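Chain residues, written in single-letter form:
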Amino acid sequence: MGSIFNFPGTLFWQCGFYFFLGSAAHCAYIVAGKKSRWLAIPGIAGLGLVAALLVVHPAIGVPKLMPAILPSLFLIICSVESSHLVLPKWARAIGDMTYGVYLWHVPLMLTAMLVLDGIIGSRRIVLQPGFLIAYAAVIALIGALSFYLIERPAKRALMRLLEGGMARKRQGI
């Protein structure tokens, strides 16, 4: 309701709301267990209700309906994941770079703002659609590089270290 009517402190409460909403959706996924493939049904129903609401009241807008859209998408994704579908390579590549994108997007954004302030003296360019596309492309590239150059080698090194420790433990050393 705070989103729709712009109550004071809405952003603070939205953060808490999204956290607990995600936690509740995760609990639904855990409780559903082997039947979690059926979570797509309430997810699709939720997106259907959002679409119907947007048709009837388009002035509300998508951003204000995110509290319904995000958990619906989460339930659909959980359903797909629990179906054990073999994902195409491009989907796996996107999944591999998500942690890097998560880690690098804020430092890159802050750097871009500092550079824009220092060189251009204005941030108005960020309002252009081309800037968003370029930013998304750069952050995706950095996320992929981060995965292939940092995360994957670190994981392999950790696994070797752990396997070596387990081998020594089995030998009684």
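Parameters and conventions
Residues numbered from 1 in each chain as written. Predicted model: local features only at pLDDT ≥ 70, side-chain atom pairs only at ≥ 80, totals over all residues. Heavy atoms only, no water. Helix = DSSP H or I, 4+ residues; strand = E, 2+ residues; numbered from the N terminus. Rg over C-alpha atoms; globule rule 2.2 N^0.38 Å. Buried < 20%, exposed > 50% of the residue type's maximum accessible area, 1.4 Å probe, protein only. pLDDT = per-residue confidence, 0-100. Contact = heavy atoms within 4.5 Å. Salt bridge = Lys/Arg side-chain N within 4 Å of Asp/Glu carboxyl O. Patch = residues over 30% accessible without salt bridge, like charges linked within 9 Å, V, L, I, M, F, W, Y side chains within 5 Å. Areas by Shrake-Rupley, 256 points an atom, 1.4 Å probe, with all protein chains shown as cover. Disulfide = S-S within 2.5 Å. Expected span 1.5 Å × (residues − 1). Bend = angle between axes of the 7 residues up to and from the residue.

What the protein chain contains, in helices and strands, is six helices and zero strands. The helix and strand sequence of the protein chain, counted from the amino end, reads α-α-α-α-α-α. The C-alpha atoms of the protein chain give a radius of gyration of 22 Å, which is well past the 16 Å a tight globule of 173 residues would have. Its C-alpha atoms give the protein chain principal-axis dimensions of about 70 × 55 × 35 Å. The proportion of buried residues among the 173 residues of the protein chain is 18%.

The predicted model of the protein chain averages 83 in pLDDT, with 91% of residues at 70 or higher. The secondary structure element of the protein chain with the lowest average pLDDT is helix α1 (residues 2-5), at 61, and the one with the highest is helix α3 (residues 40-56), at 91.

This paragraph deals with the side chain of Ser-79. Looking at the element boundaries, Ser-79 is found in helix α4 (residues 66-82). Assessed through its relative accessible area of 5%, Ser-79 is described here as buried. Excluding residues that lie within four positions of it along the chain, Ser-79 makes contacts with Ser-36, Arg-37, Trp-38, Leu-39 and Ala-40.

Enumeration over the complete set of coordinates arrives at one salt bridge. With a closest N to O distance of 2.8 Å, Arg-123 and Asp-117 form a salt bridge. Since its relative accessible area comes to 43%, Arg-123 is described here as partly exposed. A residue is classified by how much of its surface remains accessible, and Asp-117, at 35% relative accessible area, is partly exposed.

Moving on, we get to a nonpolar patch on the surface. A grouping of Tyr-99, Tyr-102, Leu-103, Trp-104, Leu-141, Leu-145, Tyr-148, Leu-149 and Ile-150 is seen on the molecular surface, where their side chains present a nonpolar patch of about 980 Å² in accessible area. Mapped onto the nonpolar patch, the elements with two or more residues apiece are α5 (89-120) and α6 (129-171). The dominant element in the nonpolar patch, judged by the number of residues it contributes, is α6, at five residues. Here Tyr-99 lies in helix α5.

According to the stated counting rule, one finds zero disulfides in the structure shown. Looking at Cys-27, it has no disulfide partner, and the nearest cysteine sulfur is the one in Cys-78, 11 Å off.

Owing to its 3.6 residues per turn, the α-helix aligns residues three or four sequence positions apart on the same side. A rise of 1.5 Å per residue sets the reference length of α5, with its 32 residues, at 46 Å; its end C-alpha atoms lie only 40 Å apart and thus fall more than 12% short of the reference. Along α5, the largest kink reaches about 40° and is centred on Trp-104; proline Pro-107 follows within four residues of it. Three or more residues of α5 are buried, namely Ala-91, Met-97, Gly-100, Ala-112, Met-113 and Leu-116. Gly-121 lies just past α5 and shows a positive phi near 85°.

Relative to the assigned elements, Leu-132 resides in helix α6. Owing to a relative accessible area of 56%, Leu-132 belongs among the exposed residues under this scheme. With 73 residues separating them in the primary sequence, Leu-132 and Ala-59 have C-alpha atoms 24 Å apart.

The topology assignment puts Ser-146 in helix α6. By relative accessible area, which is 6% here, Ser-146 ends up buried. Setting aside chain neighbours within four positions, we find Ser-146 in contact with Gly-100, Trp-104 and Glu-151.

Counted at 1.5 Å a residue, the expected span for α4 with its 17 residues is 24 Å, and the 24 Å between its end C-alpha atoms agrees. Taken together, the buried positions of α4 are occupied by Ile-69, Pro-71, Ser-72, Leu-75, Cys-78, Ser-79 and Ser-82. Once α4 finishes, His-84 follows within two positions and takes phi at roughly 55°, a positive value.

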